[in-house]
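Residue strings, one per chain:
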Amino acid sequence: MPGLIPVIAGALVFGTTAVAQTGTNTSSLQHEVVLEGLENPWDMAFLDDGTMFFTEKCKGLSVRMSDGTVNPLLGMGGVEGYPETFDDLFCEGQAGMNGVAIDPEFDQNRRIYVYSASNMSDPHTNRLMRLTVNEDFTAVADRTDIVDDVPYKMEASDHPFGGPGAHNGGRVRFNPGDGFLYLTTGDNHNEEIPQSPTLMGSKVLRIDTDGNAAPDNNPPEGFDDRTYTYGHRNVQGIAFHPGTNTPIVAEHGPWHSDEITVLQNGGNAGWDPRPNMAGRDDCPDDYCGYSPNQMEGMNRYERAAFMPMTDFETYPDAMPPIWDNNGWSQGTSSAAFLTGEQWGDWDGALVVGIMGIGFGGTPIGQRIDVIQLDDDLAVTDVTEMTLPMDAGRFRSVVMGPDGSLYAAVDEGMIHKLTPQ
């Protein structure tokens with residue numbers, strides 16, 4: 001398959017040898033291709049019987065029934081083959097139809113939630129839509145945009161991957177502990193967004209199912225009260241620790257330092273790419289996010305010193321990451337916790353899907369990492385999962401109700417991984 005590489009490339013991330021594997025023998029994982037021939041599958045969400053809603057970034061929302069039947073539900077504007085399309089929905093660059101989540105009370109209210117770019121307003125925005133699904137899973141109705149003001153990048157800029165739609169965030173998840181809906185957003189290559197109190201990019205929003213702020217959100221004074229955390233770069237992964245329900249995010253780094261961070265209510269992730277601060281001068285199109293030498297490779301630690309992912313010098317109280325991918329940026333996109341005794345020593349471990357970049361001497365690193373945490377949520381071990389299939393751009397990893405790990409890759413497949 002074009003663009004795929006042997007999984008052994010990911011071992012380079014940890015130096016001359018990979019971190020020793022403990023517990024589960026992942027070389028014996030069973031593998032099944034659940035769906036193939038998709039167009040940039042982006043996210044999945046499961047009902048208890050195995051029914052799986054999934055999104056394709058530039059096509060729309062569909063559902064795979066427990067018997068394997070696939071029903072299209074909602075298409076992007078101009079896309080054929082769906083029973084319903086919304087003309088305002090579109091895709092460009094990293095934006096399109098992204099995250100999907102199922103209401104915890106789905107059996108009673110039939111509600112799901114989908115995040116998509118929309119041209120309903122000018123400038124365009126990203127919207128979190130609430131929909132209801134009919135009884136036979138063949139249609140959706142009752143669209144309500146519970147969030148309609150997440151910024152969207154309208155114009156290209158002088159940056160890597162600098163086209164419209166960049167740094168768009170887009171993961172949507174319910175926290176089983178507090179029952180609230182969490183939405184992750186990105187910085188749009190806009191230097192003002194991460195530390196802005198009112199622009200809802202670079203944030204993790206925590207809201208109820210009507211889009212109202214969770215009552216105990218605690219952002220700084222003057223911030224939009226939907227803000228749970230701010231100062232992020234581009235969060236595309238969020239998961240909740242199975243013991244404590246603590247939210248943990250996975251985030252793309254700027255040619256260095258992908259990060260995993262344990263969130264603190266009201267916390268600042270410390271990303272601030274504004275020019276003329278922290279010792280920097282002007283930067284291309286006023287955004288220092290890839291500086292210096294943004295189009296060329298350089299030592300990742302030197303780059304991190306100039307433009308840190310988490311700027312503790314400027315923000316000494318910023319939330320500290322618990323993992324930084326050994327200083328590399330390789331496209332850490334999604335996160336989930338393995339649960340169930342079938343995973344052996346990995347029961348309760350965090351898994352992250354890594355898409356692979358390969359810029360300026362960086363190892364490509366397409367893989368799934370298993371990150372074990374102690375009771376204080378500190379990292380105790382990182383193991384590259386030995387995969388029974390070719391690696392790909394792992395866009396989404398989600399635990400299924402059957403105890404298997406499902407992984408969507410940009411190349412058009414959704415894989416199912418089951419420990420024997």
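A brief structural summary. (Residues numbered from 1 in each chain as written. Predicted model: local features only at pLDDT ≥ 70, side-chain atom pairs only at ≥ 80, totals over all residues. Heavy atoms only, no water.)

### Brief notes about the sheet that holds strand S9 (residues 140-151)
The strand order across the open sheet built from four strands is S6-S7-S8-S9, with neighbouring strands paired in antiparallel fashion. For this open sheet the edge positions go to strand S6 (97-102) and S9, each flanked by a neighbour on one side alone. Sheet twist, expressed as the mean angle between neighbouring strand axes with direction ignored, is 20°. Pairing geometry for strand S8 (residues 125-133) and S9, over seven bridges, is antiparallel. Considered in S9, the bridge of Arg130 is made with Thr144. (Pairing = 2+ DSSP bridges. Helix = DSSP H or I, 4+ residues; strand = E, 2+ residues; numbered from the N terminus. Axes fitted to C-alpha atoms, helices over the stretch in contact; angles between N-to-C directions.)

### Structural notes on the sheet that holds strand S19 (residues 350-354)
Taken together, four strands build an open sheet; the order of strands is S18-S19-S20-S21 and the sheet is antiparallel. Every other strand in the sheet has two partners, leaving strand S18 (332-337) and strand S21 (379-384) as the edge strands with one partner each. Pairs of neighbouring strands in the sheet enclose a mean axial angle of 25°, with direction left out of account.

### As for the pattern of salt bridges
According to the stated counting rule, one finds 16 salt bridges in the structure shown. Notably, a salt bridge pairs Asp145 with Arg127, separated by 2.9 Å at the nearest N-O pair. Of this pair, Asp145 sits in strand S9 while Arg127 sits in strand S8, and the two are 18 residues apart along the sequence. Judged by its relative accessible area of 8%, Arg127 falls in the buried class. Measuring nitrogen to oxygen at the nearest pair gives 2.9 Å for the salt bridge that ties Arg367 to Asp369. Take Arg367 and Asp369: they sit in the same class, and that class is buried. The network of salt bridges with shared partners includes Asp88, Arg127, Arg143 and Asp145. (Salt bridge = Lys/Arg side-chain N within 4 Å of Asp/Glu carboxyl O. Buried < 20%, exposed > 50% of the residue type's maximum accessible area, 1.4 Å probe, protein only.)

### Focus: the layout of surface pockets
Taken as a whole, the largest pocket holds about 1,000 Å³ of empty space. Where the lining of the largest pocket is concerned, the elements lending two or more residues are strand S2 (41-46), S6, helix H1 (106-109), strand S10 (172-174), strand S14 (235-240), S18 and strand S22 (394-399). Residues of the lining of the largest pocket, tallied by class, amount to 24 nonpolar, three polar and six charged. Space inside the second largest pocket adds up to approximately 340 Å³. What lines the second largest pocket is a set of 19 residues, among which Gln94, Phe161, His252, Met355 and Ile357 lie closest to the centre. A class-by-class count of the residues in the lining of the second largest pocket yields six nonpolar, nine polar and four charged. (1 Å grid on protein atoms, 1.4 Å probe; cavity = no way out; pocket = protein on both sides within 12 Å on 5 of 7 lines; lining within 4 Å. Points joined across faces, edges and corners; volume = space filled by probe spheres on them. Nonpolar A, V, L, I, M, F, W, Y, C, P; charged D, E, K, R; others polar.)

### Comments concerning the environment of Asp311
On the secondary structure map, Asp311 appears in the loop between helix H2 (300-306) and strand S17 (321-323). We classify Asp311 as buried; its relative accessible area is 5%. Sequence spacing of Asp311 and Trp271 is 40 residues, and the spatial spacing of their C-alpha atoms is 6.3 Å. Among the polar contacts listed, one links the side chain of Asp311 to the side chain of Thr314, at a separation of 2.6 Å. (Polar contact = N/O pair within 3.5 Å; in protein donor to acceptor, adjacent residues only side chain to side chain.)

### Side note on the side chain of Asn217
Inspection of the secondary structure assignment puts Asn217 in the loop between strand S12 (204-207) and strand S13 (227-229). Here Arg206 takes part through its side chain, which lies 2.8 Å from a polar atom of the side chain of Asn217. A distance of 3.4 Å separates the side chain of Asn217 from the backbone oxygen of Arg226, its partner in a polar contact. Asn217 has contacts with Arg206, Asp225, Arg226, Thr227, Tyr228 and Asn265, leaving out every residue within four places of it along the chain. (Contact = heavy atoms within 4.5 Å.)

### Let's talk about the packing of aromatic side chains
Under the counting rule described, the total for this entry stands at 13 aromatic pairs. Centre to centre, the rings of Phe46 and Tyr406 are 4.6 Å apart; their planes meet at 50°, and the pair counts as tilted. Of the two residues, Phe46 is situated in strand S2 and Tyr406 in strand S23 (residues 405-409); the sequence distance between them amounts to 360 residues. The burial state of Phe46 is the same as that of Tyr406; both residues are buried. Here the aromatic rings of Phe223 and Tyr230 are separated by 4.5 Å at their centres, their planes lie at 50°, and the arrangement is tilted. The exposure class assigned to Phe223 is buried, which follows from its relative accessible area of 15%. (Phe/Tyr/Trp six-rings, centres within 6.5 Å; stacked < 30°, edge-to-face > 60°.)

### So, unusual backbone geometry
With an omega of 5°, the peptide bond running from Asp122 to Pro123 counts as cis. Inspection of the secondary structure puts Pro123 in the loop between strand S7 (111-118) and S8. A cis amide bond links Ser291 with the next residue in sequence, Pro292, at an omega value of -10°. Summarising the element assignment, Pro292 is placed in the loop between strand S16 (259-262) and H2. With a phi close to 60°, Asn188 is a non-glycine residue in the positive phi region. Assignment of secondary structure puts Asn188 in the loop between strand S11 (181-184) and S12. With a relative accessible area of 6%, Asn188 lands in the buried category. The phi angle at Ser257 is positive, at roughly 60°, despite the residue not being glycine. Examined against the element boundaries, Ser257 turns out to sit in the loop between strand S15 (247-251) and S16.

Geometric descriptors of this kind do not, in isolation, establish any biological role.
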